[in-house]
Amino acid sequence: MKPEFLLLLLGLLSLRQSRCFEFVIDGEWEDEEPALRNVGNRHKRAVLTSEEQEDFEAIRGDDITVKSYKMESRITSRFAHTTVRSSVVNSGSKAQTIGFNVQIPKRAFITNFTMNVNGITFTGSVKEKTVARNLYAQARAKGKAAGIVRANSQEMETFKTEVHVPPGSNIEFELHYQEMMQRRLGVYQHSLHLQPGRLVPQFQVDIYIFEPNGIGMLEASNNLGQKFDNLVTVTQTPEKAHVVFKPNLQQQRKCDNCTQSAIDGELTVKYDVRRDSNAGELQVSDGHFVHFFAPSNMSPLPKNIVFVIDVSGSMWGVKMKQTVEAMQAILDDLTVDDQFSIIDFNHNVRCWSEDLVPGSSVQIADAKKYIQNIKPSGGTNINEALMKAVQILVRASNQGLIDPRSVSMIILVSDGDPTVGEIKLSTIQKNVKKAMRDDFSLFSLGIGFDVDYDFLERIAMDNRGIAQRIFANHDAAEQLRTFYSQVSNPLLRRITVQFPEDSVSDVTQNQFDKYFGGSELVVAGKVRPSDSDTLTSFTTASGALLDITLETEVDTSKLDMELAKQQHSFTGFARQLWAYITIKQMMSERALAPTAAKKRKITQRILALAMEHQFVTPLTALLVESEDSKERLLADSPKDPKQGCCSGSGLGGASRLLPPVKVVYQPPPWVQMTTPVPPSHAVKGPEEWALPNKVNLVDNDPHFIVHLPRSDTDVCFNIDSQPGRILNLLSDRGTGVAVNGQLIGGKKPQKGREKTYFGVISVIYRPDGISVAVGTDKIAFADGKNNHTFTWGATADIVQNRVRISIVKDSQVLITVNGNIQVMVLLHRVWKKHPVNVDFLGLYLPNDNQYSPLVHGLIGQFSQEPEVYISNIHDGADPLKKEATMEVKGNKLQVTRGWQKDYRRDKRRGSDVYCWFVHNSGKGFIDGHFSAYIVPDLHAFLSME
């Protein structure tokens, strides 16, 4: 849903000529004299000429003094509010026209413009376009004009206003616009165009960033020239950053004695946020919520791609050269797990391969050779080319050659409208939609401005993809490669974000077809009044061979309290961000509306929301009027049919708007509730697993507690080994399960003894090639081919084949193998500044785990319970601890009655477990010496020699 803006209105009165005219809206021309038609057409063009581009100045006019020019952006949680202010004096001896121009991002919505001319204030308000137009007609601004013009740029367009004033006049301009930052290739980018056109005594740019979860990385750069490199300063704390650019008059000069300004370019800030978990970041403010989802450290899904390349005559020259250059790099990015084919078309359609082939080095080399030999000529048969591409994917799918968890896509590169075969755009759109399957996506890349970009957007949005314009200039190849980079790393499919019943309303798109690495999915909505002070979300998705459920929770009042303390935060960000996303998505719906009635209904919703939140959209206009309403300016932004109607939800979603799913979640099957909970209640989560009373466990230093069910006896022992050693706790070659633990040491010895703990516990399931390594900082999951990493920062459930990993935030992990073996790992956090202790893990194994007769290991061996006899119980040296003789495995051991801790129910204090303690690292109770249980790595099974 891009707001694509044309020159919409110029209510311009020349005081030297006593006639007025205006440029009107939506391509219809009113009040136009024939002699002025050519002037109108100049402004109707889709692009500015290079001369016009070079002539851009923020402030226009001769003999004027610019007293100040200031830009300020306040970015809070990826949503930016930018204000541009300028104060100007007509210092000439004659009346003249002064212009105020601002380049703004194409995805931004203007929210207000005010102007003060010699004490007369013009205030802006957003109205429905026809209403604003009628009001404007009633009282046109005398000698003033405003409009929005598309610039010949990938990301920017220009807001323009002009005012004709007498000498000595003081004019103050102020423009506001808002935009949601889109994450691309792992960063958010915010750019401000700086081209004042003259020296400014008070020139300053401030960018304030506040990210509640913290700023992960930030860099500020500019293309203004080397002399300005050290003039951009960055002040940063964990959650905030302030970027300042404030050159004085001398620093602005092109040379020491020059009167021209050297400031001509962009100031850019790139940053990313800290992410505690893959579950996403849930924020609540001002009665609205925003859920940001950008998981990482996951293996990509395999891809099936058909590249469809326009090789008609209009592609001859630089366009084709750069397309070939880009394709060379794109083909190099394919892996042997990917499948691809290439179609090139003009009036005919040719296939490099009729079938998908793997991305092997031999196939890629052959494809490169094919691409290099293409010679553009002839017409453009888009319909047949796309039908052929769909046919290749459908045939491969029907033959079972496509992995059901892979991502299938068509990437179309074209620079023109269809001229051969089916040329009716609506028919082509219907043909493609009918042929495509729900699992396929279409991405459309339009090169230059001759192509009907609106058509490319429609067929992409209609088929789970997006469109992007490629500007036909020197870096077109880089633009193509960058776009491909954004879709070349699919990590998840079928993502759904849900919330408890009656907790939220007016939720934006919460179901997405794909998630690409480096992007971000965003869901927003309103929070319903509730007695609860928390909001919970559940995110479900499918990855490479696994299914995941992620839970995140937020305190609904915490962020507002934090924002109130921040001097430069954008306190209304959540409300505006929700409206921004909603309008963008409704514009996409409107573009694809099947009937006129449906389109009208969506239009009314957009108008109501845009006026409530004061957004200038393609359906609204900004009416700027004096206090007495006698003078008015008008700026609106109609659709340009060549440029496109809108931009979808961004590369994060990469899909048409999917049908909304119910926002209620039920208790998932992996949550075993102790008591039934009605669906309307919030799910408590895995912390309510039914816990067996008795288990085998290893916790603390490391203390082993073995429960012997037949004799109802608990036996304890410690293992005194060295940090770095890996102990086998369970090894069962019959079931293919092994559990190992790696020891870590404390920060320093205590009383001459170095304590050891488990820092990593691994679970291996050999039949499926799966390993889970639980550490104190992360949980790593691998299947020999794919690697995924999760943190302790969110409750999550991961399922792959016969292994389920259930994580309770900052608490525990339950690994279930084959439905009958469970391994619970507890996380123990200590004070970070503790002089001795470190974070460590505890291990708990239920006695009813079903092992094979081959099971062994420090704990596994006791699944075959030995006979234990306790006798000669007597007082010991410690009156609180009895002593006794234990007979086990033919050995007589002196044991002491004591207790250890089970931390499952109370991680802080633990529950006492009374047991008979075996000294000397369990000697005589375990088979052999504990050193025999040391294994070489975390994936090892115990040697049976």
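Residues numbered from 1 in each chain as written. Predicted model: local features only at pLDDT ≥ 70, side-chain atom pairs only at ≥ 80, totals over all residues. Heavy atoms only, no water.

Each helix and strand in the chain was counted, giving 14 helices and 53 strands. The buried share of the chain, reckoned over its 945 residues, is 58%. Taking all contacts inside the chain whose residues are at least 6 apart in sequence as the whole, residues at least 24 apart take part in 68%. As presented, the chain carries roughly 38600 Å² of accessible surface, and 48% of it is formed by carbon and sulfur atoms. (Helix = DSSP H or I, 4+ residues; strand = E, 2+ residues; numbered from the N terminus. Buried < 20%, exposed > 50% of the residue type's maximum accessible area, 1.4 Å probe, protein only. Contact = heavy atoms within 4.5 Å. Areas by Shrake-Rupley, 256 points an atom, 1.4 Å probe, with all protein chains shown as cover.)

Where helix H7 (residues 382–398) meets helix H8 (residues 425–435), the axes come as close as 10 Å, and the angle between the chain directions of the two elements is 5°. By the criterion of interaxial angle, the relationship of H7 to H8 is roughly parallel. Side by side, H7 and H8 meet where Asn-383, Leu-386, Met-387, Val-390 and Val-394 of the first sit next to Ile-428, Asn-431, Val-432 and Ala-435 of the second. The residue inventory of the contact of H7 with H8, partitioned by class, reads 7 nonpolar, 2 polar and no charged. (Axes fitted to C-alpha atoms, helices over the stretch in contact; angles between N-to-C directions. Parallel < 35°, antiparallel > 145°, perpendicular 65-115°, else oblique. Nonpolar A, V, L, I, M, F, W, Y, C, P; charged D, E, K, R; others polar.)

What follows covers unusual backbone geometry. Positive phi, close to 50°, is recorded for Ser-77, a residue that is not glycine. With respect to the helices and strands, the residue Ser-77 is situated in the loop between strand E4 (64–76) and strand E5 (79–90). Residue class for Ser-77 comes out buried when judged on its relative accessible area of 0%. In this structure, Ser-921 is a non-glycine residue whose phi angle is positive, near 55°.

With that out of the way, let us pick up the state of the cysteines. Under the counting rule described, the total for this entry stands at 2 disulfides. A disulfide bridge connects Cys-255 with Cys-258, and the sulfur atoms are separated by 1.7 Å. Negative torsions about the S-S bond denote left-handed disulfides, and the value of about 95° found for Cys-255 with Cys-258 makes this one right-handed. With a sulfur-sulfur separation of 1.7 Å, Cys-716 is cross-linked through a disulfide to Cys-915. Because the torsion about its S-S bond is -120°, the bridge between Cys-716 and Cys-915 counts as left-handed. Taken together, the residues span a long stretch of sequence, with Cys-716 in strand E38 (residues 713–718) and Cys-915 in strand E53 (residues 911–918) at a distance of 199 residues. (Disulfide = S-S within 2.5 Å.)

Each regular strand displays side chains that alternate between the two surfaces of the sheet. In terms of burial, strand E36 (residues 695–699) is largely enclosed, as 5 of its 5 residues are buried. Of the two faces of E36, the one holding Val-695, Leu-697 and Asp-699 and the one holding Asn-696 and Val-698 are both buried throughout. Bridge analysis of E36 against strand E49 (residues 840–846) gives 4 bridges, and the strand direction is antiparallel. Bridging from a neighbouring strand, Asn-696 pairs with Leu-845 of E49. Inspection of the sheet shows E36 paired to strand E37 (residues 703–708) by 3 bridges, in the antiparallel sense. Its bridge partner lying in E37, Asp-699 is registered against His-703. Taking the residues that link successive antiparallel strands as the turn, the E36-E37 hairpin has 3 residues, and the phi of Asn-700 there is positive, at about 60°. (Pairing = 2+ DSSP bridges.)

Moving on, we get to the nonpolar core. Ranked by size, the top nonpolar core spans 85 residues in total, and within it Ile-815, Leu-843 and Phe-925 carry the most contacts. Those residues in contact with Leu-843 that lie beyond four places of it in its chain are Asn-696, Leu-697, Val-698, Leu-729, Val-739, Ile-761, Val-823, Met-824, Val-825 and Ile-859. Formed by 57 residues, the second largest nonpolar core is a distinct cluster that contains Ile-98, Ala-141, Phe-173 and Leu-267. (Core = buried A, V, L, I, M, F, W, Y, C linked by side-chain atoms within 4.5 Å.)

In a regular helix each residue adds 1.5 Å, so 18 residues correspond to 26 Å; helix H13 (residues 596–613) covers 26 Å between its end C-alpha atoms and thus fits that length. Buried residues of H13: Ile-602, Thr-603, Ile-606, Leu-607, Leu-609, Ala-610 and His-613, and no others. Summarising the contacts, the buried residues of H13 are in contact with strand E8 (120–128), helix H12 (573–591) and strand E34 (620–626). Gln-614 lies just past H13 and shows a positive phi near 60°. (Expected span 1.5 Å × (residues − 1).)

This part takes up the sheet that holds strand E29 (residues 504–505). Reading across the sheet, the 4 strands line up as E19-E20-E31-E29 and stay open at both edges, with antiparallel pairing between neighbours. Strand pairing shows two members of the sheet lacking a second neighbour, strand E19 (281–285) and E29, which therefore form its edges. Sheet analysis places E19 next to strand E20 (residues 288–293), joined by 5 bridges and oriented antiparallel. Each bridged residue has a counterpart across the sheet, and for Ser-285 the counterpart in E20 is His-288.

For strand E43 (residues 778–782) and strand E44 (residues 787–791), the ladder comprises 5 bridges, and the chain directions are antiparallel. Note on E44: the bridge partner recorded for Lys-778 is Thr-791. Linking E43 back to E44 in an antiparallel pair, the connection comprises 4 residues, with Gly-784 at a positive phi of about 90°.

The next point concerns the confidence of the model for the chain. Parts of the prediction with low pLDDT should not have their coordinates interpreted in detail. Confidence along the chain averages 85 in pLDDT terms, with 87% of residues attaining 70 or more. Contacts from residues 1–54, a stretch scored under 50 in pLDDT, to residues over four places away or in other chains number 134 contacts. Scored below 50 in pLDDT, residues 638–649 makes 65 contacts in the model with residues more than four places away or belonging to other chains. (pLDDT = per-residue confidence, 0-100.)

Its location among the elements puts Asp-699 in strand E36. Among buried charged residues, Asp-699 stands out as having no salt bridge; its nearest opposite-charge side chain is Arg-904, 8.3 Å away. Within the structure, the side chain of Asp-699 is placed 2.4 Å from the side chain of Tyr-844, a separation counted as a polar contact. Excluding residues that lie within four positions of it along the chain, Asp-699 makes contacts with His-828, Phe-840, Leu-841, Gly-842, Tyr-844 and Tyr-903. (Lys, Arg positive; Asp, Glu negative; His and termini not counted. Salt bridge = Lys/Arg side-chain N within 4 Å of Asp/Glu carboxyl O. Polar contact = N/O pair within 3.5 Å; in protein donor to acceptor, adjacent residues only side chain to side chain.)

Turning our attention to the pattern of salt bridges. Tallied over the full model, the rule gives 35 salt bridges. The salt bridge involving Arg-78 is made with Glu-211; its shortest N-O contact spans 2.9 Å. Here Arg-78 is found in the loop between E4 and E5, whereas its partner Glu-211 is found in the loop between strand E14 (202–210) and strand E15 (215–222), with 133 residues between them in sequence. Arg-78 sits in the buried class, given a relative accessible area of 1%.

Overall, antiparallel pairing links the 4 strands, which are arranged E12-E13-E18-E15 in an open sheet. The outermost strands of the open sheet, each flanked by one partner alone, are strand E12 (183–184) and E15. As judged from the 7 bridges shared by strand E13 (residues 187–194) and strand E18 (residues 265–273), these two strands associate in the antiparallel manner. Each residue of the ladder has a partner; that of Leu-194, found in E18, is Gly-265.

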